Amino acid sequence: MRLSTILAALLTTVSIWSAQAETRPFGRGSWEKLRAAHAGQATVIHFWGLTCGPCLVELPEWGKLKAARPDLHLVLVAADPLPQDPERLEATLARAGLAGSESWSFTDRFYERLRYEIDPSWAGELPRTVMIDPAGRSTVLPGVADLVQIRAWLDAQPKSPSSYAN
């Protein structure tokens, strides 16, 4: 097999893999799907936005935490009032050290419906973090997250061999 054929196959494989790590559209019903996909494991879901100054300042801290804590199952949801360009979202996450993290983005222009599905009492303020334990109990942290509190919460979660897979 020629080197050019091998390189072409490798590039195809890498592009398929990177497409799987792209930002997913968050529409009606996505909250239920996201919760079901992470059922039984401690998961931190962080809502942020490109139009949110504090969010952009805190994203690199999330990147550091993700690098330091292999047991952190982090899901990032861009919850801007208007849908954002996925490439811009991905570039922002990459700069923050969060490339390859599970990422979603609000795609419904009626974002109030999406917020209501997540939490009927959520008025839309960003950033917002939801910690969901393996039993499905949620703890909400409005505003910039206290990462010391996130670490303490992670430390209190039951450990399983699969906790270190992500």
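In short, a report on the structure.

Cut-offs applied
- Residues numbered from 1 in each chain as written.
- Predicted model: local features only at pLDDT ≥ 70, side-chain atom pairs only at ≥ 80, totals over all residues.
- Heavy atoms only, no water.
- Helix = DSSP H or I, 4+ residues; strand = E, 2+ residues; numbered from the N terminus.
- Buried < 20%, exposed > 50% of the residue type's maximum accessible area, 1.4 Å probe, protein only.
- Contact = heavy atoms within 4.5 Å.
- Polar contact = N/O pair within 3.5 Å; in protein donor to acceptor, adjacent residues only side chain to side chain.
- Pairing = 2+ DSSP bridges.
- Right-handed = clockwise from strand over helix to strand, strands pointing away.
- Axes fitted to C-alpha atoms, helices over the stretch in contact; angles between N-to-C directions.
- Disulfide = S-S within 2.5 Å.
- Phe/Tyr/Trp six-rings, centres within 6.5 Å; stacked < 30°, edge-to-face > 60°.

One can find Glu90 in helix H4 (residues 86–95). You can call Glu90 partly exposed: its relative accessible area is 26%. For the pair Glu90 and Gly100, spaced 10 residues apart in sequence, the C-alpha to C-alpha distance is 8.8 Å. Ignoring sequence-local partners within four residues, the contact set of Glu90 consists of Glu22 and Thr23. Here Thr23 takes part through its backbone nitrogen, which lies 2.9 Å from a polar atom of the side chain of Glu90.

What follows concerns the pairing of strand E2 (residues 43–48). Consecutive residues of a regular strand have side chains that alternate between opposite faces of the sheet. The buried count for E2 comes to 6 of 6 residues, which makes it a mostly enclosed element. Neither face of E2 is exposed, since Thr43, Ile45 and Phe47 on one face and Val44, His46 and Trp48 on the opposite face are all buried. Bridge count for E2 against strand E5 (residues 128–132) is 5 bridges, and the pairing is antiparallel. Pairing of Phe47 across the sheet is with Arg128, part of E5. Inspection of the sheet shows E2 paired to strand E3 (residues 74–78) by 5 bridges, in the parallel sense. Paired with His46 across the bridge in E3 is Leu76. Read from E2 through helix H3 (residues 53–68) to E3, the crossover connection turns out right-handed.

Pairing within the open sheet is mixed, and its 6 strands lie in the order E1-E4-E3-E2-E5-E6. Every other strand in the sheet has two partners, leaving strand E1 (24–26) and strand E6 (138–142) as the edge strands with one partner each. The mean angle between the axes of side-by-side strands here comes to 25°, regardless of whether they run parallel or antiparallel. The sheet contact formed by E1 and strand E4 (residues 102–106) spans 3 bridges and is parallel. Of the residues in E4, the one forming a bridge with Arg24 is Trp104. The sheet strands contacting H3 are E2, E3 and E5, and the helix crosses E2 at an angle near 160°. In the packing of H4 onto the sheet, the strands contacted are E2, E3 and E4, and the crossing angle to E2 comes to about 120°.

The next thing to look at is the state of the cysteines. Working definition: the covalent bond between the sulfur atoms of two cysteines is a disulfide. Tallying each qualifying case throughout the model produces 1 disulfide. Between the sulfur atoms of Cys52 and its disulfide partner Cys55 the distance amounts to 2.2 Å. On the sign convention where negative means left-handed, the S-S torsion of about 80° between Cys52 and Cys55 marks this disulfide as right-handed. This pair shows no difference in class: Cys52 is buried, exactly as Cys55 is.

A few words on the packing of aromatic side chains. Within the structure shown, the criterion is met by 4 aromatic pairs. Here the aromatic rings of Phe26 and Trp104 are separated by 5.8 Å at their centres, their planes lie at 80°, and the arrangement is edge-to-face. Of this pair, Phe26 sits in strand E1 while Trp104 sits in strand E4, placing them 78 residues apart in sequence. One aromatic cluster is present, formed by Phe26, Trp104 and Phe106 through successive ring pairs.

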